[in-house]
Amino acid sequence: MPEIRVDAVSHAFGDGATRRQVLRDVDLTLVEDRIGVVGGNGSGKSTFVRLLNGLIHPDEGRVTVDGLDTVRDGREVRRRVGFCFTDPDAQIVMPTVAEDIAFGLRRRGLSTAEREERTRAALTAYGLENHADHPAHLLSGGQKQLLALASVLVTDPDVLVLDEPTTLLDLRNAAMVRRLVDGLRQQVILVTHHLDLLDGFDRVLVFDDGRVVHDGAPAEAVAAYRDLAMR
Amino acid sequence: MAGQAVPLFHPGTSLVHRLGAGTKLLSLLVAGVALTVWRAPWQIAVAFVVVLAAYAVARLPVRLLLRQVVRLAWIAVPLFAIQLLLASWQAAVGVVGSFVALVLLAGLVTLTTRTTAMVDVVVRVAGWLRRFGVDPERVGLMLALGIRSVHVVLGLAEEVRDAQYARGLRASPRAFAVPLIVRSLRHADRLGEALAARGIDD
Ligand SMILES: Nc1ncnc2c1ncn2[C@@H]1O[C@H](COP(=O)(O)OP(=O)(O)O)[C@@H](O)[C@H]1O
Ligand SMILES: [Mg+2]
């Protein structure tokens with residue numbers, strides 16, 4: 001598994017009166033296969049995971065993925081760390097399913113034949129083979145999220161970060177995403193409010209007000225999070 | 001519904017489908033120039049025969065053509081009436097006929113050409129912009145995003161309208177425009193982030 005190191009990271013948005021400290025001195029080494037991230041709204045989860053592929057640069061401290069610095073080696077890091085967001089509509093770039101999957105393979109120095117081959121393989125792997133030429137905007141929410149995932153996974157990253165990928169989905173589609181994620185070879189870092197998605201995870205981080213307040217096995221972490229929410 | 005707003009690629013194996021995207025885009029350009037020069041009623045008639053023949057060769061379902069005609073009628077009929085009142089029937093036929101013929105032809109190109117193929121052409125054509133520091137891939141990406149954004153914004157418009165009906169609000173332009181703009185901007189923000197995550201800026 002890749003090794004992600006978060007070294008004494010603090011981060012704030014805005015300045016002056018509007019300054020808001022969002023992460024406070026976060027120190028972690030992530031090497032497990034399946035890592036969950038939970039916490040209340042605004043606790044800093046999204047900011048934290050955006051640090052992992054250099055979408056956000058830390059104000060203080062540093063983040064490395066297998067020794068690559070997310071600020072200095074951003075491009076290389078983004079190739080290793082795939083990212084899936086909550087809103088599938090905002091992740092789909094091309095008008096049709098197959099084209100969106102193929103889009104991620106542009107500029108990768110692949111021949112057209114290779115691109116087509118990998119696109120076809122991804123369509124089959126994620127159950128979209130009957131929708132290849134389907135307009136992306138006519139897919140169901142669950143299918144859109146599958147497409148978003150397929151478009152990221154076709155580039156074969158080593159790490160997959162998912163920021164609340166099931167928040168906009170119904171239970172059945174959430175379960176489908178869960179099954180898909182279960183089968184991945186990638187290291188997975190999953191932010192979620194669907195706590196049952198974390199069953200069988202190796203490690204769960206609980207965020208509160210920009211700090212990691214609990215770090216452990218899913219059962220205790222979920223209990224700690226429930227405690228926190230009830231306080 | 002949003003899905004019918006703009007014609008999208010309709011897979012097929014016809015001659016028109018197999019023509020290169022560059023050829024089709026160039027033909028469209030030539031037709032555009034020709035129809036600004038030749039607008040006599042008989043020339044418009046010829047243009048329509050050509051367009052309809054091209055649809056026939058492309059073996060597209062007739063409903064895809066009819067759908068576009070119906071949508072165009074909203075603009076074409078009033079435009080025709082105005083021209084008829086202010087100018088002559090010849091002018092009305094010339095202006096409206098050339099407009100409708102061109103839009104239908106553009107529709108045929110989008111129906112028979114993958115966006116990827118069009119993007120590739122644009123990237124190639126925009127290659128000369130490189131010496132001005134413009135990245136041709138980016139120009140192509142803009143085109144793809146433009147096409148996709150039409151569908152996204154139309155989908156958002158539907159959501160906003162439904163939300164208003166659900167709350168019993170009467171349709172006021174401002175009550176419609178403000179949330180639509182807010183949602184579109186939020187969408188653009190998220191899209192920008194997703195593009196960055198997919199390595200577009202690298
Ligand atoms: N780009 C930004 N600019 C200003 N404030 C932000 C930005 N992104 C997030 N925030 C603020 O940072 C805090 C933590 O946000 P976030 O990391 O998204 O939390 P979570 O994902 O846990 O809900 C929130 O108060 C949010 O309003
Ligand atoms: Mg969040």
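Residues numbered from 1 in each chain as written. Chains lettered and ligands numbered in written order. Predicted model: local features only at pLDDT ≥ 70, side-chain atom pairs only at ≥ 80, totals over all residues. Heavy atoms only, no water.

- In the annotation of an unreviewed UniProt entry, the entry for chain B reads Biotin transport system permease protein, and the organism field reads Knoellia remsis.
- What UniProt records for chain B under Subcellular location (unreviewed entry) is the sentence "Membrane". (UniProt positions renumbered as here; feature names shortened; annotations may be inferred.)

- Looking at an unreviewed UniProt entry, one finds chain A named Biotin transport system ATP-binding protein and attributed to Knoellia remsis.
- Quoted verbatim from the Sequence similarities (unreviewed entry) field of UniProt, the annotation for chain A is "Belongs to the ABC transporter superfamily."

1. Focus on a nonpolar patch on the surface
All names here are of chain B.
Now for step 1: Taken together, the side chains of Val125, Trp128, Phe132 and Val134 define a hydrophobic patch exposed on the protein surface, amounting to about 420 Å² of accessible area.
Now for step 2: Along the chain, valine 125 turns up in helix α6 (residues 115–125).
Now for step 3: Residue valine 125 is classed as exposed on the basis of its relative accessible area of 53%. (Patch = residues over 30% accessible without salt bridge, like charges linked within 9 Å, V, L, I, M, F, W, Y side chains within 5 Å. Areas by Shrake-Rupley, 256 points an atom, 1.4 Å probe, with all protein chains shown as cover. Salt bridge = Lys/Arg side-chain N within 4 Å of Asp/Glu carboxyl O. Helix = DSSP H or I, 4+ residues; strand = E, 2+ residues; numbered from the N terminus. Buried < 20%, exposed > 50% of the residue type's maximum accessible area, 1.4 Å probe, protein only.)

2. Some remarks on the packing of helix α3 (residues 41–57) of chain B against helix α5 (residues 89–112) of chain B
If you want to describe how two helices pack, look at the angle between their axes and the distance between the axes.
Residues and elements named next belong to chain B.
Now for step 1: The contact between α3 and α5 brings their axes to 9 Å, and the two run at 20 degrees. Accordingly, the angle class assigned to the pair α3 and α5 is roughly parallel. Of the two elements, α3 crosses α5, and the hand of that crossing is left-handed.
Now for step 2: Here the residues of the contact of α3 with α5 sort into 15 nonpolar, five polar and no charged. (Axes fitted to C-alpha atoms, helices over the stretch in contact; angles between N-to-C directions. Parallel < 35°, antiparallel > 145°, perpendicular 65-115°, else oblique. Left-handed = near helix turned anticlockwise from the far one by under 90°. Nonpolar A, V, L, I, M, F, W, Y, C, P; charged D, E, K, R; others polar.)

3. Re the domain arrangement of chain B
Now for step 1: Assigned domains of chain B: these are domain 1 (1–113) and domain 2 (135–202).
Now for step 2: The centre of domain 1 of chain B, based on its C-alpha atoms, is set 27 Å off from the matching centre of domain 2 of chain B. (Domains from an automatic or database assignment.)

4. A closer look at the UniProt feature "domain: ABC transporter" (unreviewed entry) in chain A
Now for step 1: Per the UniProt record, "domain: ABC transporter" (unreviewed entry) is found at residues 4–231 of chain A.
Now for step 2: As a span, residues 4–231 of chain A carries 32% helix and 27% strand, and end to end its C-alpha atoms are 32 Å apart.

5. Brief notes about the packing of helix α5 (residues 141–153) of chain A against helix α6 (residues 171–182) of chain A
Residue and element names in this part refer to chain A.
Now for step 1: Running from N to C, α5 and α6 cross one another at 20 degrees; their axes reach a closest spacing of 9 Å. Here α5 is positioned roughly parallel relative to α6, judged by the angle of their axes. Considering the relative orientation of α5 and α6, their crossing is right-handed. Between α5 and α6, the contacting residues are Gly142, Gln145, Leu146, Leu149 and Leu153 on the first element and Asn173, Met176, Val177 and Leu180 on the second.
Now for step 2: Considering only residue class, the contact of α5 with α6 consists of six nonpolar, three polar and no charged. (Contact = heavy atoms within 4.5 Å.)

6. Some words on the side chain of arginine 203 of chain A
All names here are of chain A.
Now for step 1: The residue arginine 203 is located in strand β9 (residues 203–208) in this model.
Now for step 2: Among the polar contacts listed, one links the side chain of arginine 203 to the side chain of glutamate 32, at a separation of 3.1 Å.
Now for step 3: Those residues in contact with arginine 203 that sit more than four places away from it in its chain are Leu28, Thr29, Leu30, Glu32, Arg34, Ile35, Gly36, Asp215 and Gly216. (Polar contact = N/O pair within 3.5 Å; in protein donor to acceptor, adjacent residues only side chain to side chain.)

7. Quick notes on the site of ligand 1
Residue and element names in this part refer to chain A.
Now for step 1: Around ligand 1, a shell composed of Phe13, Arg20, Val22, Gly40, Asn41, Gly42, Ser43, Gly44, Lys45, Ser46 and Thr47 is seen.
Now for step 2: Within the contact set of ligand 1, an oxygen atom lies 2.7 Å away from a backbone nitrogen or oxygen of glycine 42.
Now for step 3: Serine 46 has a polar side-chain atom sitting 2.7 Å from an oxygen atom of ligand 1.
Now for step 4: Computed on the free molecule, ligand 1 has an accessible area of 560 Å², of which 59% lies beneath the protein chains in the complex.
Now for step 5: At the level of secondary structure, the elements contributing two or more residues to the shell around ligand 1 comprise β2 (20–30) and α1 (45–51).
Now for step 6: Of the residues forming the shell around ligand 1, the biggest block, three residues, is contributed by α1. (Near = heavy atom within 4 Å.)

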